[in-house]
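Given next are the chains, with one letter for each unit.
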Amino acid sequence: MNIKDNVREIVANIEKAKADSPISAVKVSLLAASKVQDASAIEEAIAAGITCFGENRVQEAREKWLGLREKYPHIKLHLIGALQTNKMKQALESFYVIQSLDRVELAEEIAKIRKTNGGGRTTEFYIQVNTGEEPQKAGVLPEKADEFITYCIRDLGLPVVGLMCVPPANQPPAPHFALLREIALRNNLLNLSMGMSGDYETAIRMGATCVRIGSGIFGERIIKQMLTPHEILLA
Ligand SMILES: *Cc1c(COP(=O)(O)O)cnc(C)c1O
């Protein structure tokens, strides 16, 4: 299977999953998780119709997308990996959406930069929720989510539009997707970034508006040494 066939199959599966469930979203965007993929694989995905890409590391994304961005100005880059406060300025310059906002320190730094330098390229934020309460994983804890969401939106004025989660690898994902949806609904957030190669159809049936797919599009990732320990857990 090549990238084009993979994308075609996934798009068809997305449509099927949408038709299956009364709570599925009208529009589900397919984000290609392109960590460790080189420019030629990314260009194949673009040729197959992908317009939305997710990267995990600020530095890798900046290097890889420098040329690609000029060639394909319509592409929207999302940051889906854990973020450090000292990379925030670069992240705001590079990403259209940041999906991994997960702590007060980060949110305050973003608000400060936006005040002095503007928002850069970033127009939307998602808050990542650690639905499995895994110590090694990024994300705000579920019981702290309401407070953090309110702080980001009301006190800091950040354009938070949705929630993101990465469920534990060794558990059925459905309860995690349900929890994320519940938190989003009670906070009036419309977007749910949930579902990866192994569980995106389940996520769509449970209301996902954005699915993040890596290996399903590009094949198994092999260059594991380029990943951080957190990402190896996901790989
Ligand atoms: C790598 C990654 C994905 C995609 O994972 P696959 O299982 O390869 O589809 C999705 N979300 C995040 C945050 C990732 O790091």
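Look up a bit, the structure's there.
This report concerns the structure included in the present document. (Residues numbered from 1 in each chain as written. Predicted model: local features only at pLDDT ≥ 70, side-chain atom pairs only at ≥ 80, totals over all residues. Heavy atoms only, no water.)

Counting its regular elements, the protein contains 10 helices and eight strands. What you see for the protein is a C-alpha radius of gyration of 17 Å, in line with the 18 Å of a compact globule of 235 residues. Each principal axis of the C-alpha atoms in the protein carries an extent, and together these give about 50 × 40 × 30 Å. Split into buried and exposed, the 235 residues of the protein put 51% on the buried side. Partitioning the contacts of the protein with sequence separation of at least 6, the portion at a separation of at least 24 is 62%. Here the protein displays about 11,000 Å² of accessible surface, and carbon together with sulfur accounts for 52% of that area. (Helix = DSSP H or I, 4+ residues; strand = E, 2+ residues; numbered from the N terminus. Rg over C-alpha atoms; globule rule 2.2 N^0.38 Å. Buried < 20%, exposed > 50% of the residue type's maximum accessible area, 1.4 Å probe, protein only. Contact = heavy atoms within 4.5 Å. Areas by Shrake-Rupley, 256 points an atom, 1.4 Å probe, with all protein chains shown as cover.)

What follows is about the site of the ligand. The ligand sits among 13 residues. The nearest are Lys35, Asn56, Ser197, Ser215 and Arg221. In the environment of the ligand, an oxygen atom lies 2.8 Å from a nitrogen or oxygen atom belonging to the backbone of Ser215. One nitrogen or oxygen atom from the side chain of Arg221 is found 2.8 Å from an oxygen atom belonging to the ligand. (Near = heavy atom within 4 Å. Polar contact = N/O pair within 3.5 Å; in protein donor to acceptor, adjacent residues only side chain to side chain.)

On to the packing of aromatic side chains. The full count for this structure, using the stated rule, is one aromatic pair. Ring centres 5.1 Å apart and planes at 55 degrees place the aromatic pair Phe53 and Trp65 in the tilted group. Of this pair, Phe53 sits in strand S2 (residues 52-55) while Trp65 sits in helix H3 (residues 58-71); the two residues are 12 residues apart in sequence, bridging distant segments of the chain. Using a relative accessible area of 0% as the deciding quantity, one classes Phe53 as buried. The ring of Tyr96 carries the charged tip of Lys76 above its face, separated from the ring centre by 4.5 Å. (Phe/Tyr/Trp six-rings, centres within 6.5 Å; stacked < 30°, edge-to-face > 60°. Lys NZ or Arg CZ within 6 Å of the ring centre and 35° of its normal.)

The buried count for strand S5 (residues 124-128) comes to four of five residues, which makes it a mostly enclosed element. One crossover worth recording links strand S4 (residues 97-101) to the parallel S5 by way of helix H5 (residues 104-117), and it is right-handed. Strand direction decides the pairing type here: S5 and strand S6 (residues 160-164), joined by four bridges, are parallel. Paired with Tyr126 across the two strands is Gly162, which belongs to S6. For the handedness criterion, the β-α-β arrangement of S5, helix H6 (residues 142-155) and S6 is classed as right-handed. (Right-handed = clockwise from strand over helix to strand, strands pointing away. Pairing = 2+ DSSP bridges.)

This next bit is on unusual backbone geometry. The phi dihedral of Val36 is positive, around 60 degrees, even though this residue is not glycine. By secondary structure assignment, the location of Val36 is in the loop between strand S1 (29-33) and helix H2 (39-47).

This paragraph deals with the pairing of S1. Counting buried positions over the five residues of S1 gives four, a clear majority of the element. Here S1 pairs with S2 via two bridges, running parallel. Bridge pairing in S2 links Ala33 to Gly54. As a crossover connection, the stretch from S1 through H2 into S2 is right-handed.

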